[in-house]
Amino acid sequence: MDYSDYIRTIPDFPRKGILFRDITTLVGNGEVFRSAVDLFVERYRGKGISKIVGIEARGFIFGSAIAYALGIGFVPIRKKGKLPAETIEESYELEYGTDYMEIHKDAISPGERVVLFDDLIATGGTLRAAMNLIERLGGRIYEISCLIELTPLAGREKIANVPFFSVVKYDVD
Ligand code: AMP
């Protein structure tokens, strides 16, 4: 299946010059959503992975579905101030702005093998910060996984010391 057929591109959102890759059209189609989730589920089944870590908010949509299908835990990384228990934080830069993200301190045990998931990698800043959070808790990242990669932004280089997997690649950002 060519998943790019189901991803909608919105020019100049959230600001001028950004080509926004909208996955709501993909996840809104039950058959396509299931097929895309299954692709990740089959990739990670039987690999000794104990948790999927997903990044707010679009990383939650796939991340939790993958974790459910594998029967393993899901760990949210959220924007600052949203998680109720004790957290650690990292700052990160977006293609459009700067922010802080947090994870619960007790969400991952030292040595635990996890997959880190987000919907899309652009500059890689978001995934780099999330990777730092997991590593600070002693987690071992089996792979970083995205549905979409904007290849000209070379985000992969920011997370180069960890295996990376993406499904749909755009050669214009
Ligand atoms: P980055 O940190 O630059 O890799 O940005 C990745 C994060 O920003 C992801 O959580 C994406 O959902 C979001 N993002 C960045 N650029 C785009 C884009 N062109 N279309 C959709 N989402 C984007």
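On a predicted model such as this, the values are computed, not experimentally measured, just so you know.

About the criteria used
Residues numbered from 1 in each chain as written. Predicted model: local features only at pLDDT ≥ 70, side-chain atom pairs only at ≥ 80, totals over all residues. Heavy atoms only, no water. Phe/Tyr/Trp six-rings, centres within 6.5 Å; stacked < 30°, edge-to-face > 60°. Helix = DSSP H or I, 4+ residues; strand = E, 2+ residues; numbered from the N terminus. Buried < 20%, exposed > 50% of the residue type's maximum accessible area, 1.4 Å probe, protein only. Lys NZ or Arg CZ within 6 Å of the ring centre and 35° of its normal. Salt bridge = Lys/Arg side-chain N within 4 Å of Asp/Glu carboxyl O. Axes fitted to C-alpha atoms, helices over the stretch in contact; angles between N-to-C directions. Parallel < 35°, antiparallel > 145°, perpendicular 65-115°, else oblique. Left-handed = near helix turned anticlockwise from the far one by under 90°. Contact = heavy atoms within 4.5 Å. Nonpolar A, V, L, I, M, F, W, Y, C, P; charged D, E, K, R; others polar.

*Asks:* Describe the packing of aromatic side chains, and please don't skip the residues or the numbers.
*Replies:* If you walk through the whole model with that rule in mind, you get eight aromatic pairs. Seen from their ring centres, F40 and F117 are 5.1 Å apart, and the 85° between their planes marks the pair as edge-to-face. With F40 in helix α2 (residues 30–44) and F117 in strand β7 (residues 113–121), the pair connects residues that are 77 residues apart, well separated along the chain. For the pair shown, F40 and F117 are each scored as buried. An aromatic cluster is present here, built from F33, F40, F62, F117 and F165 joined pairwise through their rings. The ring of Y170 has R21 sitting right over it, with the charged end atom 3.8 Å from the ring centre. The aromatic ring of F165 is capped on one face by R43, whose charged end is 3.7 Å from the ring centroid.

*Asks:* Account for the pattern of salt bridges, with residues named and values stated.
*Replies:* A side chain of one charge can pair with a side chain of the opposite charge when the charged atoms of the two come close. For the structure on display, the rule yields ten salt bridges. Of the charged contacts in the structure, one is a salt bridge between E149 and R156, with a shortest N-O distance of 2.9 Å. Under the relative-accessibility criterion, E149 is labelled buried at 5%.

*Asks:* How would you summarise the packing of α2 against helix α3 (residues 58–70) if you had to cite specific residues and measurements?
*Replies:* As a packed pair, α2 and α3 sit with axes 9 Å apart at the nearest point and diverge in direction by 55°. Between α2 and α3, the crossing angle belongs to the class labelled oblique. Between α2 and α3 lies a crossing whose hand is right-handed. Contact with α2, carried on its side by F33, A36, V37, F40, V41 and Y44, involves I61, F62, A65, I66, A69 and L70 of α3 and no other residues of that element. Across the contact of α2 with α3, the residue classes break down as twelve nonpolar, no polar and no charged.

*Asks:* Provide a residue-level description of the environment of G28, including the pertinent values.
*Replies:* Within the secondary structure layout, G28 lies in the loop between α1 (24–27) and α2. Separated by 22 residues in the primary sequence, G28 and Y6 have C-alpha atoms spaced 9.3 Å apart.

*Asks:* Just give me the short version of the side chain of S145, but keep the residues and values in it.
*Replies:* Considering the arrangement of structural elements, one finds S145 in strand β8 (residues 140–150). Contacts of S145, omitting those with residues within four sequence positions, involve F40, Y44, V115, L116, F117, D118 and F165.

*Asks:* Can you lay out the environment of Y3 for me, pointing to particular residues and giving the numbers?
*Replies:* Residue position: Y3 is located in the segment before β1 (8–11). Judged by its relative accessible area of 6%, Y3 is buried. Sequence separation between Y3 and A36 is 33 residues; the distance between their C-alpha atoms is 7.7 Å. In contact with Y3, not counting residues within four places along its chain, are L26, V32, S35, A36, L39, V167 and V168.

Scope: geometric values only; no functional claims are made or implied.
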